[in-house]
Amino acid sequence: MVAAMRMVVCLSMWLSVCQVSGTYIPQEMNRTLQNLRQHYTSLQKISNTDLFDGKHVFSREHLKGKMENQMLFMGGVLEAYEKLFGHMLKQLPTPGPQLAISQNKADASGTGTSGSSAAGDVRSSLTKVLQKIKELKTNRYGEQVNLLQGLQKLKHIEMDNIKVQSKALWELPWVYEEASSLADNVMRRRRRRRQTRSKSRLGA
């Protein structure tokens, strides 16, 4: 529970920084994240010392390599946030039918309780941010997410299953061939790039 709270607070603060630097977060989303940050920090009484202890939920180390690797990593981060927000929504109290009717009547009359109103606001805010995350992931990181899902399936291979073992032995020749060929192609591209750079320097 506390870990989930810390993750959404980190997301809120990271996105708030992005907003200050003039990037892609709309003002409404920025305000929503600020409200969520205030709610979860006050709810769990998370201190600034805990928030800024230097241990990031998502490290920036993976954003220093090649662009393709950065895209893959960010696709995984968005996938993780989608699961996180879904989990947080499930943690919110679900009003029963009678309570929901009473709350609707109270909201209509302007006499709703602060607790039920706050829970409704949090649910609405989480849903809005979750939708933005889903849109970004689907529209910009679809290929990376599909690749990550394929990698995740590898973790669930039944290693003790004799049928799986037999199939894997039959498939190993093409897997080995593809893996070797791919690595060789990457090395060739690197060599060509180095040669091109060397020629450019000599020509200069």
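Keep in mind that this is a model prediction, so the values were computed, not measured. (Residues numbered from 1 in each chain as written. Predicted model: local features only at pLDDT ≥ 70, side-chain atom pairs only at ≥ 80, totals over all residues. Heavy atoms only, no water.)

Caption draft 1: Structural context of the nonpolar core. Among the nonpolar cores identified, the biggest contains 21 residues, and Tyr 40, Phe 85, Leu 126 and Val 129 are the most heavily contacted of them. Listing elements by their share of this core, those giving two or more residues are helix 2 (27–44), helix 4 (67–91) and helix 6 (114–140). Residue contributions to this core peak at eight residues, all from helix 4. (Core = buried A, V, L, I, M, F, W, Y, C linked by side-chain atoms within 4.5 Å. Buried < 20%, exposed > 50% of the residue type's maximum accessible area, 1.4 Å probe, protein only. Helix = DSSP H or I, 4+ residues; strand = E, 2+ residues; numbered from the N terminus.)

Caption draft 2: Layout of helix 2. In this model, helix 2 (18 residues) spans 26 Å end to end at C-alpha, consistent with the 26 Å of a helix rising 1.5 Å per residue. Along helix 2, the positions that sit buried rather than exposed are Met 29, Asn 30, Thr 32, Leu 33, Leu 36, Tyr 40 and Thr 41. Projected down its long axis, helix 2 carries its buried residues within an arc of 160°, all on one side. Away from the buried face of helix 2 by more than 90 degrees, exposed residues Gln 27, Gln 38 and Ser 42 are located. Just past helix 2, the residue Lys 45 takes up positive phi, approximately 55°. (Expected span 1.5 Å × (residues − 1). Arc of directions from axis to C-beta.)

Caption draft 3: Structural context of the packing of helix 4 against helix 7 (residues 142–154). One can describe the packing of helix 4 onto helix 7 by two numbers: an axis separation of 8 Å at closest approach and a directional angle of 75°. It follows from the interaxial angle that helix 4 and helix 7 lie roughly perpendicular. The segment helix 4 lies against helix 7, with Met 71, Leu 72, Gly 75, Gly 76, Glu 79 and Lys 83 engaging Gln 144, Val 145, Leu 147, Leu 148, Gln 149 and Gln 152. Broken down by class, the residue content of the contact of helix 4 with helix 7 amounts to five nonpolar, five polar and two charged. (Axes fitted to C-alpha atoms, helices over the stretch in contact; angles between N-to-C directions. Parallel < 35°, antiparallel > 145°, perpendicular 65-115°, else oblique. Contact = heavy atoms within 4.5 Å. Nonpolar A, V, L, I, M, F, W, Y, C, P; charged D, E, K, R; others polar.)

Take it as geometry only, folks, not as evidence of what the structure does.
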